[in-house]
Amino acid sequence: MSSAQDKPYDYVIKDALVFDGKSLVPVQRDLAILGDRVAQIGEIPREEGEEIIEASGLIASPGFIDIHTHSDFNPFVYANLGNKVLQGVTTEVIGNCGMSAAPVEGAFAGEIANVWKREGVDIPKEISWKTFEEYKSEAEFQGLETNLAGLVGHGNLRFAVMGKDTRPARTDEIEAIKKSLNQALAEGALGISFGLTYLPGVFAATEELVSLCGEAARQNRICVFHMRGEGKKLLESIDEVIDVARTTRAKVHISHLKAAGEKNWPKIQEAFLKIESAKAEGLQVTADAYPYSASFAELGVILPDSLYQDPDRNSRFKDPKARKKIIQTLEAHYQDNPVSWDRIRVATVASEKNSAWQEKSLLEISQASKKSPVETLIDLLAEEEFGVSAFYFSQSESVVNQVLSKPYVAVGSDSIADGSVSPHPRAYGTFPRLLSQCRGKGPVLSNTCWGETIRRMTGFPAEILGLKGRGKIGTSLYADLVLFDPEVIRDTADYQSLKAPPEGIRWVFVNGKPVVREGKYQPVHSGLFLVPEK
Ligand SMILES: [Zn+2]
């Protein structure tokens, strides 16, 4: 519709400090939005906008790209959560850690609910899609709060071909997995993600990774790794990823780079050296991290491999005779590999029965139930059939900060945005938390912290993923934008108050539509499903 009174632009943003997603220093400019694009940057008269936003003193940044999330089912189950856009996130990357919502082929159809349950996510009862393409259109049909871009989970593909088989894949099986990978890539997946500590990724030999990443490399798509180990096996695990990159020339990306467990904190320096020398060699290695010292994962992963990977684990853990033996094995295992039971806090349980233990540490639960921590652990896993997730307070704040200061580390919340039970505070605070660390380092104009932090939340992840026209502010590029107050921005969610929204984010636009208006969430759903450009 048009009329004589129509103004040339939908929005004119006046006098913002504009960071374009690349430069370290801002320029003071006006921005005009028309439709889904930034239409002009420069001096723009107020009369030219239907709506004027006075942005003097505010930073204008490209919308943040959350490169690591597990929001795959959000459009179906948590449509109006708002937790990401309230942080300034305009694009979420899903399908991480070897698990995605699609494809759902073969035997995986009977497994997908369990995979997500152990992370604390209830998926819809009916899944109406099989392929990545079908998922993509179903998700768009539901309406997207942020843009989504998806990796395809290696676990989905492997399970469809091999079911619960606990062995390396044969050549013909690798070929079958490769075929499904190709289909998903052709349908717009960004690349493949591996979950090498989880079932079934844990059984994939390096040859399988090489084969699949070779295929991704041929199509210039990325290989993303939740590595085999992040503590004791951190360095060997980084070597494996770099070897895959060297053999295949694939772009490789390490998810949630960290050193877990106090004994392993010093290893982070060598981890940096390994990555930096691989980059110097010409390999494309990047990583992501979140600014919190607690991680979140299913509780079962603290078991030794032989128990975690046992296909009959549910029945064995419940059988009184086997239980006795498991207790002995575990007591010995944790003698050699000490665990701080007070640093593991239960987050979610699958059934009502144990819901009282949510937010309690294993030590607290064991004291309250008068059992040893090992007994507490196996009884909880048995009763919940492994459907238990936990916070692990196993990282050092200083290591986390060192990781996040590296130029090759993008920002990924690793959030599971769960509307009903306790999420990690990173689901509500990641981006403002990191930005708030730039305050107090001098004026915005001369303090490169803002520009570098913004770059690693915007232009850099867009480049890693091959998302053209996103992560930058420029004329005729998509209007994914954030306006925030550098004097105010901060996170408020913590481990007690998990769902508290951040402060200081004033306006957020997704494809030209305000999804946060003067600090208030708008359930607009203007997101699109993004696919990499050829
Ligand atoms: Zn992961």
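About the cut-offs
Residues numbered from 1 in each chain as written. Predicted model: local features only at pLDDT ≥ 70, side-chain atom pairs only at ≥ 80, totals over all residues. Axes fitted to C-alpha atoms, helices over the stretch in contact; angles between N-to-C directions. Helix = DSSP H or I, 4+ residues; strand = E, 2+ residues; numbered from the N terminus. Parallel < 35°, antiparallel > 145°, perpendicular 65-115°, else oblique. Left-handed = near helix turned anticlockwise from the far one by under 90°. Contact = placed C-beta atoms within 7 Å. Nonpolar A, V, L, I, M, F, W, Y, C, P; charged D, E, K, R; others polar. Pairing = 2+ DSSP bridges. Core = buried A, V, L, I, M, F, W, Y, C linked by C-beta atoms within 7 Å. Buried ≥ 20, exposed ≤ 12 C-beta atoms within 10 Å, placed from the backbone. Domains from an automatic or database assignment.

What should I look at first to understand the packing of helix 11 (residues 320–336) against helix 13 (residues 373–383) in this one?
Two measures define how a pair of helices packs: the angle their axes make with one another and the distance between the axes. Helix 13 packs onto helix 11 with a crossing angle of 125° between their chain directions and a minimal axis gap of 10 Å. Between helix 11 and helix 13, the crossing angle belongs to the class labelled oblique. Crossing geometry of helix 11 relative to helix 13 is assigned as right-handed. Contacts between helix 11 and helix 13 pair R323, I326, I327, L330, E331 and Y334 from the former with V374, E375 and I378 from the latter. Of the residues in the contact of helix 11 with helix 13, the class split is 6 nonpolar, no polar and 3 charged.

I'm lost on the sheet that holds strand 11 (residues 222–226) in this one. Help?
Sheet strands pair by backbone hydrogen bonding; their relative direction is either parallel or antiparallel. Taking strand neighbours across the sheet as the criterion, the 6 strands line up as 9-10-11-12-13-17 in an open arrangement whose pairing is parallel. The sheet is open, and its two borders are formed by strand 9 (152–153) and strand 17 (409–411), each paired with just one other strand. Here strand 11 runs beside strand 12 (residues 251–254); their pairing, made up of 4 bridges, is parallel. Across the sheet, the residue bridging to I222 is K251, located in strand 12. Strands strand 10 (191–195) and strand 11 of the sheet are contacted by helix 6 (residues 206–218), whose axis makes an angle of about 160° with strand 10.

Explanation requested: the sheet that holds strand 14 (residues 295–298) in the structure shown.
Spatially, 3 strands are ordered 14-16-15 in an open sheet, and the strand pairing comes out antiparallel. Across the chains shown, the open sheet's two edge strands, defined by having one partner strand only, are strand 14 and strand 15 (344–349). Here the strands of the sheet are splayed against their neighbours by 25° on average, with no regard to which way each runs. Sheet analysis places strand 14 next to strand 16 (residues 388–392), joined by 4 bridges and oriented antiparallel. When the sheet's bridge partners are listed, F296 is paired in strand 16 with F391.

Sorry if this is basic, but what is going on with the nonpolar core here?
Within the largest apolar cluster, 163 residues are counted, with the highest numbers of intra-cluster contacts made by A60, C223 and L483. If you tally residues by element for this core, the top one is strand 1 (residues 9–18), at 7 residues. If we ignore the near neighbours within four places in the chain, the residues touching A60 are I13, A16, L17, V18, L31, A55, I473, L481 and L483.

Help me out: how do you make sense of the packing of helix 5 (residues 171–186) against helix 6 in this one?
Relative to each other, helix 5 and helix 6 sit at 30°, their axes nearing to 10 Å. Accordingly, the angle class assigned to the pair helix 5 and helix 6 is roughly parallel. Between helix 5 and helix 6 lies a crossing whose hand is right-handed. Counted together, I174, I177, K178, L181 and N182 of helix 5 and E208, S211, L212 and E215 of helix 6 form the full contact between these two elements. A breakdown of the residues in the contact of helix 5 with helix 6 according to their chemical character gives 4 nonpolar, 2 polar and 3 charged.

Before we go on, may I ask you to explain the domain arrangement of the protein in this structure?
Interfaces are frequently sized by the accessible area removed from exposure as the parts join. Along its sequence, the protein is carved into domain 1 (64–294 + 394–436 + 446–521) and domain 2 (298–392). Look at where the C-alpha atoms of domain 1 and domain 2 centre, and you get two points 27 Å apart. Listed per partner, the contact involves 15 residues of domain 1 and 15 residues of domain 2. Of the residues contributing to the side of domain 1 that touches domain 2, the split by class is 5 nonpolar, 6 polar and 4 charged.

Looking at this structure, I do not really get the pairing of strand 19 (residues 505–510). What am I missing?
Side-chain direction in a regular strand flips from residue to residue, so the side chains alternate between the two faces of the sheet. For strand 19, a buried count of 6 out of 6 residues is recorded, marking the element as mostly surrounded by other parts of the structure. Bridge count for strand 18 (residues 481–484) against strand 19 is 4 bridges, and the pairing is antiparallel. Across the sheet, the residue bridging to F484 is I505, located in strand 19. Of the strand pairs in this sheet, strand 19 and strand 20 (residues 513–517) are connected by 3 bridges, and their pairing is antiparallel. What sits directly across from V510, in strand 20, is K513.

Before we go on, may I ask you to explain helix 16 (residues 448–455) in this structure?
In an α-helix there are 3.6 residues to a turn, and that puts residues three or four apart on one side. Listed in full, the buried residues belonging to helix 16 are W450, G451, T453, I454 and R455. Residues of helix 16 that are buried make contact with strand 5 (59–62), helix 15 (426–436) and helix 17 (459–465).

Help me understand the pairing of strand 7 (residues 89–94) in this model?
Counting buried residues in strand 7 gives 6 out of 6 residues, a clear majority hidden from the surface. Bridging between strand 7 and strand 8 (residues 147–150) involves 4 bridges; their strand directions are parallel. In the strand pairing of strand 8, E92 is matched with L148.

Is there a simple way to explain the environment of G429 in this structure?
In this structure, G429 sits in helix 15. You can call G429 buried: it has 29 C-beta atoms within 10 Å. The spatial distance from the C-alpha of G429 to the C-alpha of K233 is 29 Å, given a sequence separation of 196 residues. Leaving out residues up to four positions away in the same chain, G429 has contacts with D491, T492, A493 and P502.

Looking at this structure, I do not really get the environment of E487. What am I missing?
Take E487: it is sitting in the loop between strand 18 and strand 19. Its 10 C-beta neighbours within 10 Å are what place E487 among the exposed residues. Between the C-alpha atom of E487 and that of I416, which follows or precedes it by 71 residues, the distance is 29 Å.

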